[in-house]
Amino acid sequence: EAGVTQSPTHLIKTRGQQATLRCSPISGHTSVYWYQQALGLGLQFLLWYDEGEERNRGNFPPRFSGRQFPNYSSELNVNALELEDSALYLCASSLNGQLQETQYFGPGTRLLVL
Amino acid sequence: TQLLEQSPQFLSIQEGENLTVYCNSSSVFSSLQWYRQEPGEGPVLLVTVVTGGEVKKLKRLTFQFGDARKDSSLHITAAQPGDTGLYLCLGSGAGSYQLTFGKGTKLSVIP
């Protein structure tokens, strides 16, 4: 069974540009979570999608947005990139978004903003 | 915002030693999960604890959830080089879907 996949693996952008990151959950999972892992800040919760709807978002500005498609894959968009957005962006999926469910993580997209 | 403090931030020990990693908060969590992350990979779930006072064992790893569900510990017995990695705790907030990760404990086990 394929795990969570993310693309691209690496992304280099310049300040002010937009970045789009993609995630495909494990087959049968309806919930997708996005996290930012920046140096010194640990893993921070960004967004949670379930059944195509945004269920919750972390403490990030509106230029971080995303969506979930009918096939449950998801996109994270970061507009007006800033240097501080350089980080590893991790996507995770779970069966149906219930508390205490196991989240399965993808390998991440490493974003570098120059 | 619920905060999870992990300690120590870094830990370097010799193979065969024991160690304990802590995850503390002033907030109550409905559940707490421990993950291990290796370089270049996403975190992998080790255990989920739900009940206050719960103790779970996974081979040489012992996990405990505090009675008040505000803290947790991970104890590793006779550490091995394969235990090297970043250990993260993830708390799910009581009553609503709030997810909080600790900053992690970076463990190095030296052969």
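It should be noted that the structure appears before, not after, this text.
Residues numbered from 1 in each chain as written. Chains lettered and ligands numbered in written order. Predicted model: local features only at pLDDT ≥ 70, side-chain atom pairs only at ≥ 80, totals over all residues. Heavy atoms only, no water.

Undergrad: What's the story with the pattern of salt bridges in this structure? I'm lost.
TA: Here the idea is simple: oppositely charged side chains can pair when their charged atoms come close. Inspection of the entire model under this criterion finds 8 salt bridges over all chains. In this structure, the salt-bridge partner of A:Arg55 is A:Asp50, at a minimum N-O distance of 3.7 Å. A:Arg55 sits in the partly exposed class, given a relative accessible area of 42%. Residue class for A:Asp50 comes out buried when judged on its relative accessible area of 8%. Here B:Arg60 and B:Asp83 are joined by a salt bridge, their closest N and O atoms 2.9 Å apart. (Salt bridge = Lys/Arg side-chain N within 4 Å of Asp/Glu carboxyl O. Buried < 20%, exposed > 50% of the residue type's maximum accessible area, 1.4 Å probe, protein only.)

Undergrad: How do you make sense of the interface of chain A and chain B when you look at a structure like this?
TA: A common way to report how large an interface is uses the accessible area buried once the components associate. Every contact between the two is made by 22 residues of chain A and, on the other side, 24 residues of chain B. Taken over both partners, the interface formed by chain A and chain B buries close to 1700 Å², and the fraction arising from carbon and sulfur atoms is 58%. For the pair chain A and chain B, the number of links is 0 salt bridges. Of all the elements, strand β5 (residues 42-50) of chain A adds the most residues to the side of chain A that touches chain B, at 4 residues. Residues of the side of chain A that touches chain B, tallied by class, amount to 11 nonpolar, 10 polar and 1 charged. (Contact = heavy atoms within 4.5 Å. Buried area = accessible area lost by both parts, 1.4 Å probe. Helix = DSSP H or I, 4+ residues; strand = E, 2+ residues; numbered from the N terminus. Nonpolar A, V, L, I, M, F, W, Y, C, P; charged D, E, K, R; others polar.)

Undergrad: Explain the nonpolar core here, please?
TA: It is characteristic of soluble globular proteins that their nonpolar side chains tend to be buried jointly. Among the nonpolar cores identified, the biggest contains 22 residues, and A:Leu21, A:Trp34, A:Leu46, A:Leu76, A:Tyr89 and A:Leu111 are the most heavily contacted of them. Of all hydrophobic cores here, the second largest spans 20 residues; its members include B:Leu19, B:Leu32, B:Val49 and B:Val109. (Core = buried A, V, L, I, M, F, W, Y, C linked by side-chain atoms within 4.5 Å.)

Undergrad: What am I meant to see in the sheet that holds strand β6 (residues 55-58) of chain B here?
TA: Backbone-to-backbone hydrogen bonds join strands into a sheet, with any given pair of strands oriented parallel or antiparallel. Residue and element names in this part refer to chain B. Overall, antiparallel pairing links the 5 strands, which are arranged β1-β3-β8-β7-β6 in an open sheet. Each edge of the sheet is formed by a strand with only one pairing partner; in this case those strands are β1 (5-7) and β6. Pairs of neighbouring strands in the sheet enclose a mean axial angle of 15°, with direction left out of account. The pairing of strand β3 (residues 19-24) with strand β8 (residues 71-76) spans 6 bridges and is antiparallel. Bridged to asparagine 24 within β8 is aspartate 71. (Pairing = 2+ DSSP bridges. Axes fitted to C-alpha atoms, helices over the stretch in contact; angles between N-to-C directions.)

Undergrad: Whenever I open this one, unusual backbone geometry confuses me. Can you help?
TA: Leaving glycine out, the prevailing phi sign among residues is negative, and the prevailing peptide bond configuration is trans. For the peptide bond that leads from A:Ser7 to A:Pro8, omega is -10°, which places it in the cis range. For A:Pro8, the position within the fold is in the loop between β1 (5-7) and β2 (10-13). Of the consecutive residues B:Ser7 and B:Pro8, the connecting peptide bond is found in the cis state with omega at -10°. If you trace the backbone, B:Pro8 turns up in the loop between β1 and β2 (10-14). For A:Ala80, which is not a glycine, the phi torsion comes out positive at approximately 45°.

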